[in-house]
Amino acid sequence: MATSLSFFPILSVLLLTLSHAAGAATIVYDFNITWVRANPDGLYERPTIGINGQWPLPIMTANINDTVVVNVINQLGNQSTTLHFHGLFQNGTAEMDGAGLVGQCGIPPGSQFTYNFTVNQAGTYWYHSHYKGQYPDGLRAPFIVSDPNYPYKGQFDEEIVLSVSDWYHQEVQVLIPQFMNKDNPTGAEPVPQSALLNDRQNLTIAVKPGKTYLFHVVNVGAFAGQYIWFEGHNMTIVEVDGVYTEKAEAEMIYLTTAQRCSFMITTKNETSTNYAFVGSMDTTLFDKIPKGLNWNVTGWLVYDSAQPMPAPALVDQFNDFDDFALIPYDQKPLLPEPDQTITMDVVMNVLGDGKQYAFISNITYVSPKVPTLYTVMTTGEDATNPTVYGEYSNSFILGHNQIIEIVINNRDTGKHPFHLHGHNFQTIARSEFNAGDFSLGNSTENSYPAIPMRRDTILVNPGGYVVFRFAADNPGVWLFHCHIEWHMDQGLIATMVEAPLEIQKSITIPQNHLDACKAGNTLYEGNAAGNTVNFLDLTGEPVPPAPLPAGFTPRGIVALVFSCISALIGMAVIAWYGSVDMGAASKVAEQQRIAEMEQQENQEVTTQATTIVEAPEEVR
Amino acid sequence: MSNVFAPSVFFIVFREVLESVIIISVLLSFLKQCLGQPDQDQTIYKRLVRQVWFGTLAGVLVCLIIGGAFIGAFYGVGKDIWSQSEDLWEGIFYLIATVIITFMGLALLRINKMKEKWRLKIAHSLVDKAKHHSAKSWLGAWGKRNALFILPFITTLREGVEAVVFVGGVSLGLPAAQFPLPVVTGLLAGVLIGYLIYRGGNVLSIQIFLIASTSVLYLIAAGMFSKAVWSLQFHAFAKKVGSDVAETGSGPGSYDINQSVWHVNCCNPLIDNGWDVFYALLGWQNSATYGSVISYNVYWIGIMMAVACLLYEERTGSLPLKNRILATLAKVPGLKGWAKKKQDVSAEHAAEVVRQGQVHLAGGVFDRSDSSSLEDIRQTEK
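Residues numbered from 1 in each chain as written. Chains lettered and ligands numbered in written order. Predicted model: local features only at pLDDT ≥ 70, side-chain atom pairs only at ≥ 80, totals over all residues. Heavy atoms only, no water.

Undergrad: Break down the overall build of chain B for me, citing the residues and quoting the values.
TA: Tallying secondary structure elements over chain B gives 13 helices and two strands in all. Taken across its 382 residues, chain B has 48% of its residues classed as buried. In chain B, 73% of the contacts between residues at least 6 apart in sequence involve partners at least 24 apart. (Helix = DSSP H or I, 4+ residues; strand = E, 2+ residues; numbered from the N terminus. Buried < 20%, exposed > 50% of the residue type's maximum accessible area, 1.4 Å probe, protein only. Contact = heavy atoms within 4.5 Å.)

The following block contains the structure:
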């Protein structure tokens, strides 16, 4: 059914733009998290996670330099939760970052938790659950931070927030056991049932002719990247992932999950037709395309609601804009040579339980017993020793204000959108499909862009690589992971422990955070194994399943030897049987049979003879 | 060189041809030795040889039709039904072939033990029609008569479908230019081995040749039985996983870990060249399941027990424990009548056999030139 764009996001953005004049404000959100029921694609009603009894969730808004307070009460009853504010640096407030068992314990059912941070960056962001792959159940929505000194201020008439997403009919607690299963050793991810625009379908946006609209688009999906285009209109890109860019014209853009893009669209000067716009899921990610799947979602720019809503035209090829070509508005130059280069090889493999796991440089992520940030706070001097974080948190220690370069070699056949918490980064090299590993030989400082594109979620092509740099100027514990939820479940995660000693000096864990740990029986002191006495003793740390045996196990050797022996004995027995003479009784039996056969032959002969002889008598 | 010759295609064709050719050569060589000597009656020999060739060619023809259907479905309709049902298909055919070879092998060895003219008589009974009273006995007799047709037919049918489908390009993503040369060389190599076996058979003493070839046949049959069970288990696993698991290679994730007895990440007969010859001859798998290992050993144990029973029967006239079993069954209500009848028959038969044996021993019947003694038997019975 055609529904019009919710008034709420436009109104809230306008109100805040007006209210900024008062100076930095404190915005308080009270989020009561409960299950509600929803049917956004009209195909299937299902339980979804709502806030304050409603779904779709409210769009969070703020002005730059505002303080945002979010009071979360988890009334889900059966699941813990957290909230992560994707793209916000949380500089000085690493404990508010919201990644479960990284910056905080999970918020158990019935508990209360307060996030309190300042937003020093403007742009398009979003917030979502960051606990055990929960956000595809609906706990995600855009978060827009406005800037009175926006570089393109005055060049647009209205702002519109648009979210694109994939949508599953089954809950995550049903999908994950089916996905992480020994009967799924190829790691085929669940295919979504629909695509959504603003958490619904058949979206209509009323537009006036001859105006310019600024769209803030967020991909809040769990898995599918989306191609987005507006029929009859071009987009002028002005921002990606909270980084303003110089204007860039595009006919079509591609957003992986978690990426954002803001662009201006100038409407036509006539109102004779309405125009369709499409979000089309990237089906190359899907293992199989089930019959009847509609991987597109359509909306309309409505110039005249009396006119028909045209069906979108088929597109032969996806000519999406390559974000690598964007130039940041602040012209920030390439960071100098890195102090630390971290090379990460991404691989998928099956472990001893028959399930497929994801590995970054041979380590698959397993959550530690103590949130990594709390380990930093409680291990004193040893916080600079990566051992205390456990082998399977895949931790890297970054020095304060070091220039860090990360190389991702994607040795998998799938696309991966990698996201770094707490920073955006300069993308200095990205290869095509199957280009192989990155090697310094084929890139030099001279070949890197002088003003590299910056964002916080970047796509790595299958069989290729991506290289990026950032400055470690934000002490905190920052997760680095693929933003496909299924791959997170498989452990495609690493942890950046940035300037641990500075973290200890700069933050304090609020009491309600620790209360949540106690209520959920999660340890909050000590190393990754919960050891508060000997920080270098990791016995008891959570570990992944053992690898599969690569060669013959004792059981296999016994089986093979036994089989060979039985074959040899069997052949010997056959040879023996073939060489001994026939037994007495059989000889007699055969003799008898031959005799019978000869008897039969003779009888036939005599019968024939008798017939011939007798015939003349009968005739008589 | 490698762009006109694909080693994988060569090995596939070679191993398919090899299995069929071993069975056919053994049959032909046996026939030649037993019945085809210049001083023997050539009509029976020629008929049986014709049966073998008809079976072979019929199998090839049907496999071309079936393989063509698969290829047509793949290229025309776009559905790769071959890879979905491949293991089920293979498993069932391997089972049928195993059963046939098992019975045929022991029969061949047994026939060899008989004296020459008895062999001839047996051969007669294989081809002549006899009167039959029921459909079941007709079918049994038809099967017996045409055993030398059925075995090559089933064998070439199974091997051929696989070969045709692979060469037709289904499941192998190679450019077309790489196909003709390895197909031809694979065929020639296989046929050469077959010819050598045939000639070797004619040169060696028939007994040694038969023992050696039957041993190899049983080795192949044991491998087939194991492969049948493995294929059926793999089919069940692939159905659960839902995608083409075989294409994931030999590594982790390509097999069911619950069923695994051994797994090595190499030497996969489907993928690694050369190992598929081991697969064809011995049933080697790089990833063995409980089913495949146990069935292999069960087969051999079964053969050994069957041979033991046959030897016992040859010596004493009845299967071991038969009387005891019948006696026990006679106590079971419902089977009493049937068991009693069998007991009477076997008692009668045993007595008759013993009596005849005594007569024949007196008559000196067990030497080669005893055509006259057969006359004696008839005289005595009259």
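So that's the structure; there's more coming.
Undergrad: Requested: an account of the overall build of chain A, with residues and values cited.
TA: Helix and strand counts for chain A stand at eight helices and 31 strands. In summary, chain A has a C-alpha radius of gyration of 34 Å against a globular reference of 25 Å for 620 residues, an excess of more than 25%. Judged by the C-alpha coordinates and their principal axes, chain A covers about 135 × 75 × 55 Å. When each of the 620 residues of chain A is scored for burial, the buried share is 58%. Put simply, of all contacts in chain A between residues at least 6 apart along the chain, 80% involve residues at least 24 apart. Accessible area of chain A: about 24,400 Å², with a carbon and sulfur share of 54%. (Rg over C-alpha atoms; globule rule 2.2 N^0.38 Å. Areas by Shrake-Rupley, 256 points an atom, 1.4 Å probe, with all protein chains shown as cover.)

Undergrad: Hey, could you go over the UniProt feature "domain: Plastocyanin-like" (unreviewed entry) in chain A for me, with residue numbers and the actual values?
TA: Residues and elements named next belong to chain A. Taking the UniProt record as the reference, the feature "domain: Plastocyanin-like" (unreviewed entry) is found at residues 33-149, 158-305 and 365-500. Taken end to end, residues 33-149 has its terminal C-alpha atoms 35 Å apart, with 0% of it in helix and 40% in strand. Structurally, residues 158-305 is divided into 5% helix and 47% strand, and its ends, taken at the C-alpha atoms, are 19 Å apart. (UniProt positions renumbered as here; feature names shortened; annotations may be inferred.)

Undergrad: A description of the packing of aromatic side chains should follow, citing residues and the corresponding values.
TA: Following the criterion strictly, the structure yields 33 aromatic pairs over all chains and no others. For the pair F225(B) and Y299(B), a centre-to-centre distance of 5.7 Å together with 40° between the ring planes defines the contact as tilted. Placement of the pair is F225(B) in helix α8 (residues 206-241) and Y299(B) in helix α10 (residues 290-316), with a sequence separation of 74 residues. Taken together, the ring pairs connect F85(A), F113(A), Y115(A), F117(A) and F143(A) into an aromatic cluster. (Phe/Tyr/Trp six-rings, centres within 6.5 Å; stacked < 30°, edge-to-face > 60°.)

Undergrad: I'd like to hear about the pattern of salt bridges, residue by residue, with values.
TA: All names here are of chain A. Going through the model one piece at a time under the given rule, you end up with 17 salt bridges over all chains. The residue R260 makes a salt bridge to D241 at a minimum N-O spacing of 3.5 Å. Residue R260 is located in strand β18 (residues 260-266), and its partner D241 is located in the loop between β15 (235-240) and β16 (243-250); the two are separated by 19 residues in the primary sequence. Relative accessible area serves as the criterion here: at 2%, D241 is assigned to the buried category. Its salt-bridge partner being K415, residue D282 comes within 2.7 Å of it at the nearest N-O pair. (Salt bridge = Lys/Arg side-chain N within 4 Å of Asp/Glu carboxyl O.)

Undergrad: Talk me through the sheet that holds strand β23 (residues 395-398) of chain A; I want residue IDs and the actual numbers.
TA: Residues and elements named next belong to chain A. As summarised here, the arrangement of the five strands in space is β23-β31-β30-β25-β28, forming an open sheet in which the pairing is mixed. The sheet is open, and its two edges are formed by β23 and β28 (457-460), each paired on a single side. Looking at each pair of strands side by side, their axes are set apart by 20° on average, direction ignored. Pairing of β23 with strand β31 (residues 493-498), which is carried by four bridges, proceeds in the parallel orientation. Each bridged residue has a counterpart across the sheet, and for L398 the counterpart in β31 is E498. (Pairing = 2+ DSSP bridges. Axes fitted to C-alpha atoms, helices over the stretch in contact; angles between N-to-C directions.)

Undergrad: Let's hear about the UniProt feature "transmembrane region" (unreviewed entry) in chain B: which residues, and what values?
TA: Within this numbering scheme, the UniProt entry marks residues 12-31, 52-77, 92-111, 146-167, 179-198, 205-225 and 293-312 of chain B as carrying the feature "transmembrane region" (unreviewed entry). Structurally, residues 12-31 of chain B is divided into 100% helix and 0% strand, and its ends, taken at the C-alpha atoms, are 29 Å apart.

Undergrad: Got a sec to walk through the state of the cysteines? Specific residues and values, please.
TA: By definition, a disulfide links the sulfur atoms of two cysteine residues through a covalent bond. Residues and elements named next belong to chain A. All chains considered together, the criterion is met by one disulfide over all chains. Paired by a disulfide, C105 and C517 hold their sulfur atoms 2.0 Å apart. Disulfide C105-C517: the torsion about the S-S bond is 90°, which places it as right-handed. Within this pair, whereas C105 is found in the loop between β6 (84-86) and β7 (112-118), its partner C517 is found in helix α6 (residues 511-519), the two being separated by 412 residues in sequence. On the accessibility criterion, C105 (0% relative accessible area) is buried. (Disulfide = S-S within 2.5 Å.)

Undergrad: I'd love a proper account of the UniProt feature "transmembrane region" (unreviewed entry) in chain A, names of residues and values included.
TA: As annotated in UniProt, the feature "transmembrane region" (unreviewed entry) corresponds to residues 557-577 of chain A in the numbering used here. Across residues 557-577 of chain A, the secondary structure splits into 100% helix and 0% strand, with the terminal C-alpha atoms separated by 30 Å.

Undergrad: Explain the pairing of strand β22 (residues 356-360) of chain A residue by residue, including any values.
TA: Residue and element names in this part refer to chain A. The buried count for β22 comes to five of five residues, which makes it a mostly enclosed element. Here β22 shows no split at all, with Q356, A358 and I360 on one side and Y357 and F359 on the other all buried. Bridge count between strand β21 (residues 340-350) and β22: five bridges; the pairing is antiparallel. Note on β22: the bridge partner recorded for M348 is A358. Counted between consecutive antiparallel strands, the loop separating β21 from β22 contains five residues, among which G354 sits at a positive phi close to 85°.

Undergrad: Lay out the domain arrangement of chain A in plain terms, naming residues and giving numbers.
TA: Residues and elements named next belong to chain A. Each assigned domain of chain A is listed here: domain 1 (2-325), domain 2 (340-519) and domain 3 (554-609). Between domain 1 and domain 2, the C-alpha centre-to-centre distance is 24 Å. In this assembly, 64 residues from domain 1 lie in contact with 60 residues from domain 2. Together domain 1 and domain 2 conceal approximately 4,800 Å² of surface at their shared face, both sides included; 60% is due to carbon and sulfur atoms. Connecting domain 1 to domain 2 are six salt bridges. Notably, a salt bridge pairs R260 with D456, separated by 2.8 Å at the nearest N-O pair. Breaking the side of domain 1 that touches domain 2 down by element, the ones donating at least two residues are β6, β7, β8 (123-128), α2 (172-179) and β17 (252-255). Class assignment of the residues belonging to the side of domain 1 that touches domain 2 gives a composition of 30 nonpolar, 24 polar and ten charged. (Domains from an automatic or database assignment. Buried area = accessible area lost by both parts, 1.4 Å probe. Nonpolar A, V, L, I, M, F, W, Y, C, P; charged D, E, K, R; others polar.)

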